[in-house]
Amino acid sequence: MDFRLTEDQRALRGGVRDLLEGRFGREALRAAVDSGGALDRDLWRELGAAGFFALRLPEEEGGVGLGLPEAVLVFEEAGRVLLPGPLVATHMAAGSVPGAAEGAVVVTAVDEGLVPWLEQADVVLGDTTGAVPMRSVDPLTPLHRVPVPVSVPAPGEGEARLQAALLTAAEQVGSAGRTTETAVSYAREREQFGQVIGGFQAVKHLCAGMLVRTELARAAVRAASLTVDPVEIAGAKLLADEAATANARDCLQVHGGMGFTWEADVHLHLKRAWVRAGLRLPAARAEEAVAAGL
Amino acid sequence: MDLSCTDEEEEFRARLREWLTAALPGLPPRPDPMDWPARRAYDCGWQRRLHDAGYADVHWDASPTQRLIFLEETELAGAPYVGANFVGLLHAGPTIAAEGTAEQRARWLPPVLRGDDVWCQGFSEPGAGSDLASLRTRAVRDGDAYVVTGQKIWTSHAEVADWCELLVRTDPEAPSRHRGITWLAMPMDAPGITVRPLRTLAGSTEFAEVFLDEVRVPVENRVGEENDGWRVTMVTLSFERGTAFVGEVVACRRLLGELARAARKNGTWDDAVLRRRLGRLSAEFQALWRIVQANVSEAQATGGVPGAGGSVFKLHYSHARQELYEAAAAVLGPDSLDLGRDWTLDRLSSLSYTIAAGTSQIQRNIVAERILGLPKGR
Ligand SMILES: Cc1cc2nc3c(=O)[nH]c(=O)nc-3n(C[C@H](O)[C@H](O)[C@H](O)COP(=O)(O)OP(=O)(O)OC[C@H]3O[C@@H](n4cnc5c(N)ncnc54)[C@H](O)[C@@H]3O)c2cc1C
């Protein structure tokens, strides 16, 4: 047993981090927000060329030939920088929708009564009858609402749906890690009462709590990528949703008034975390799934 | 990332399982939790069996992964916990193994492994709890002995212990409080020691006050250099915060399963709020188990003692375990007020988890300062 990342996995993570920080750093993020939610097709193709979508396709089919554990690491990085677009849906469609693997085609999917990126996508999986646009809470995730008849039972969690939930959870972990870092670095700089606020225990303890949530969720997500156990995946999504949303809120608190501004990135993390928490196995069903395993 | 065990580790697991299946039915009945001498005898008897079967030193010498397997399998099989041997096996023993001389190791370690000697930990004092370095119990050198005077408190198992790992102040003038502290092995039958049991809120006497009045402790009982006891102690404390609670996570997962069965039986399972609460707890314990595996992997690779990662674990574990008993109370309803139920006593015991071995506030300080690099404060 060795739960640490292998040399190759660390290299993969480092490579993806460099790529994303270079190609989707803070300026690009803010430009994307200002553009009002347009999807950057060039970036999408670059992601495709880097193997983001074809990561798990066999090498014979032009893929990278890696597995779910590696995909989880890559999606953690995407979550860190708030990379926009229907990443999970396109990644999941890489083997079945032509063009998805290369990043030439943008694929989205109906999920939990919502369709992200409906107008920007080339291919939509699922029934969009009656879809109406919403004013999405997240400036970087356009949403449509589709009616879900109350009488229809919740969909079963097939393998693909579970994997999609796990990749979404990985994005949440990335975001939770990022908001922890952001809160800590702000706490080490901002001074009040003649000292940095990170010296106040009330602030320190918020930050410590953020790290604990992140580590718990990260361990859960990575383990679930190895076991692919449905109950473990549901638990991982649950804890990752909690980590991303609660950490973003604590990060906001550490930033004081600055945290409430449009200019700070904190709200972007919180809003995306809310959207991801509402998609792909939301808390109520995840809790039921884990409870059913007891 | 790999969660699978090697063939060798699986073999270790299989042999252990086989042995447990054979050994457990022969155990005497569990002693009354209020009867400490009986508990000591029971815990030491179990340790003796482990010793004779070759598992005694699993806490020290086995690889971290084997140790994990050992704790997992013994707990799954419902084997006894270390109990009165906690300090000997998990605090004092590892400290002596790491810092003691060859003679000291030969003198103190085998009786711990055989289940002959029970140790207790005399660190906390009335005036020195979280701020352990402020301890004042005084030791003055007199020829070949230290003469020790002062008071210790919250000393678990003091009533039945043979030895005490004792922290004393040997140099009150030292420029820093952390210097000037020395680690001594004190025989509990030395003249001048008075043990006064303290009753816990659960009604039992888990710990005691220990009064020391000019107790003579031979200089040869000192582990490490004079005035270097703080560093020696830190070796022990990182053991305490590392993998010491592994078996308890396994236990929690079993308890949660029992709770779900009880809830299905008494109908509370139909309450979606309660059911979902149990689901969330289950996800948390599963993730805690994965954190344990991550910590063990780290320890195995670096060969070091588990560090601040143990604090991350302990913070969430102690909280989740308390929450488990709150959920249990919701499942049991009126029965949760009955001291005759194990759940009720365990709920009371669990209240100490956020205090003992470093309070949650202190753990958050450690995480914030040592992992996140935030400024140190008092
Ligand atoms: C069941 C049990 C068994 C124990 N067994 C042993 C044993 O065998 N041997 C032994 O030596 N000790 C033992 N202890 C003692 C234990 O280590 C101490 O209780 C613990 O370290 C806290 O010290 P204290 O009780 O003096 O509380 P205090 O340190 O007085 O703390 C009181 C409150 O103040 C908070 N606080 C203190 N300092 C800070 C700070 N810097 N920042 C924020 N908050 C702070 C604490 O978190 C706590 O909430 C045991 C305790 C228990 C409950």
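Residue indices follow the written sequence of each chain, beginning from 1 at its first position. Following the order in which they are written, the chains are lettered starting with A and the ligands numbered starting with 1. This being a predicted model, a pLDDT of at least 70 is required before a residue's local features are given, and a value of 80 or more before pairs of side-chain atoms are given or counted; all residues contribute to the totals for chains, interfaces and linings. As a convention, hydrogens and water are excluded, and side-chain values are obtained from all of the structure's heavy atoms.

Undergrad: Describe the interface of chain A and chain B, naming the residues involved and giving the relevant values.
TA: Across the boundary between the two partners, chain A contributes 45 residues, which contact 50 residues of chain B. Roughly 3900 Å² of surface becomes buried between chain A and chain B when both sides are summed, with 68% attributable to carbon and sulfur atoms. Buried area adds together the accessible area that both of two parts lose upon being put together, with accessible area traced by a 1.4 Å probe. Of all residues in chain A, the largest losses of buried area upon contact with chain B belong to Met1, Lys204 and Leu294 of chain A, amounting jointly to 22% of the total for that side. Salt bridge criterion: a side-chain nitrogen from Lys or Arg within 4 Å of a carboxyl oxygen from Asp or Glu. The interface formed by chain A and chain B holds six salt bridges in total. Glutamate 242 of chain A serves as the salt-bridge partner of arginine 280 of chain B, at 3.6 Å between the closest nitrogen and oxygen. Under the rule applied, a polar contact is a pair of N or O atoms within 3.5 Å (in protein, one hydrogen donor and one hydrogen acceptor; residues adjacent in sequence only if both atoms are side-chain atoms). Summed over the shared surface of chain A and chain B, the result is 17 residue pairs in polar contact (both at pLDDT 80 or more). Numbering of helices and strands runs from the N terminus; a helix is a DSSP stretch of H or I covering at least four residues, while a strand is a stretch of E covering at least two. Among the elements of the structure, helix H4 (68-80), helix H6 (159-189), helix H7 (201-227), helix H8 (230-254) and helix H10 (283-292) of chain A are those that each provide at least two residues to the side of chain A that touches chain B. Three classes are used, and their members are as follows: Ala, Val, Leu, Ile, Met, Phe, Trp, Tyr, Cys and Pro are nonpolar, Asp, Glu, Lys and Arg are charged, and the others, Gly among them, are polar. Residue classes in the side of chain A that touches chain B are distributed as 25 nonpolar, ten polar and ten charged. For this analysis, residues touch if any pair of their heavy atoms sits within 4.5 Å.

Undergrad: Run through the sheet that holds strand E5 (residues 143-145) of chain A, naming residues and quoting values.
TA: Backbone hydrogen bonds are what pair the strands of a sheet, in a parallel or an antiparallel way. Read across the open sheet, the three strands follow the order E2-E5-E4 (chain A); overall the sheet is antiparallel. The open sheet has two edge strands with one neighbour each: strand E2 (114-116) and strand E4 (132-133) of chain A. The pairing criterion for strands is at least two bridges between them, as found by DSSP.

Undergrad: Give a detailed account of the site of the ligand, specifying residues and quantitative values.
TA: Here a residue is near a molecule or strand as soon as one of its heavy atoms is found within 4 Å of it. In the vicinity of the ligand there are 18 residues, among which Gln121, Ser124, Ser130, Trp154 and Thr359 of chain B approach most closely. Lying at an intersection of chains, the ligand is approached by residues of chains A and B. Glutamine 201 of chain A places a polar side-chain atom, nitrogen or oxygen, 2.8 Å from a nitrogen atom of the ligand. Backbone polar atom of phenylalanine 123 of chain B to an oxygen atom of the ligand: 3.1 Å apart, as the coordinates give it. Secondary-structure elements contributing two or more residues to the shell around the ligand are strand E3 (145-156) and helix H11 (360-371) of chain B. Each residue belonging to the shell around the ligand can be placed in one class, and the counts come to six nonpolar, eleven polar and one charged.

Undergrad: For H8 of chain A, give the residues involved together with the corresponding values.
TA: Residues and elements named next belong to chain A. Here H8 contains 25 residues, and its C-alpha end-to-end distance of 36 Å stays within 8% of the 36 Å for a straight helix at 1.5 Å per residue. In terms of burial, H8 is largely enclosed, as 19 of its 25 residues are buried. Two residues or fewer past H8, glycine 256 is found with a positive phi of approximately 60°. One fewer than the residue count of a helix, multiplied by 1.5 Å, yields its expected span. Think of it in three bands: with a 1.4 Å probe and only protein chains considered, a residue is buried below 20% of the maximum accessible area for its type, exposed above 50%, and partly exposed in between.

Undergrad: Can you explain the environment of glycine 143 of chain B? Please cite residues and give values.
TA: Residues and elements named next belong to chain B. Mapped onto the elements, glycine 143 comes out in the loop between strand E2 (138-142) and E3. Exposure remark for glycine 143: the relative accessible area of 56% places this residue in the exposed category. Separated by 75 residues in sequence, glycine 143 and proline 218 place their C-alpha atoms 9.1 Å apart.

Undergrad: Describe the side chain of serine 360 of chain B, and please don't skip the residues or the numbers.
TA: With respect to the secondary-structure elements, serine 360 of chain B resides in helix H11. Leave out the neighbours within four places in its chain, and serine 360 of chain B touches Leu315, Ser318 and Thr354 of chain B.

Undergrad: So what's going on with the packing of aromatic side chains? Residues and values would help.
TA: All names here are of chain B. Any Phe, Tyr or Trp ring, taking Trp's six-membered ring, that has another such ring centre within 6.5 Å forms a pair; planes under 30 degrees apart are called stacked, those over 60 apart edge-to-face, and the others tilted. Per the stated rule, a full pass over the model turns up 15 aromatic pairs over all chains. Among the aromatic residues, ring-to-ring pairing joins Phe12, Trp19, Trp46, Tyr55 and Phe70 into one connected group. Two conditions define a charge sitting above a ring: the NZ of Lys or the CZ of Arg must be within 6 Å of the ring centre, and it must be within 35 degrees of the ring normal. Sitting over the face of the ring of tyrosine 146, arginine 141 holds its NZ or CZ atom 5.7 Å from the ring centroid.

Undergrad: Go over the nonpolar core with me, naming the residues and quoting the values.
TA: Counting 135 residues, the largest nonpolar core has Leu47, Phe52, Leu83, Leu87 and Val221 of chain A together with Leu259 of chain B as its most contacted members. Discounting residues that sit within four places of it in the chain, leucine 259 of chain B has contacts with Leu278, Leu324, Ala327, Ala328, Val331 and Trp343 of chain B. Residues Leu113, Ala133, Ile181 and Val232 of chain B belong to the second largest nonpolar core, which totals 27 residues. By convention a nonpolar core is built from buried Ala, Val, Leu, Ile, Met, Phe, Trp, Tyr and Cys residues, the set being connected through side-chain atoms within 4.5 Å.

The analysis is restricted to geometry; functional conclusions fall outside its scope.
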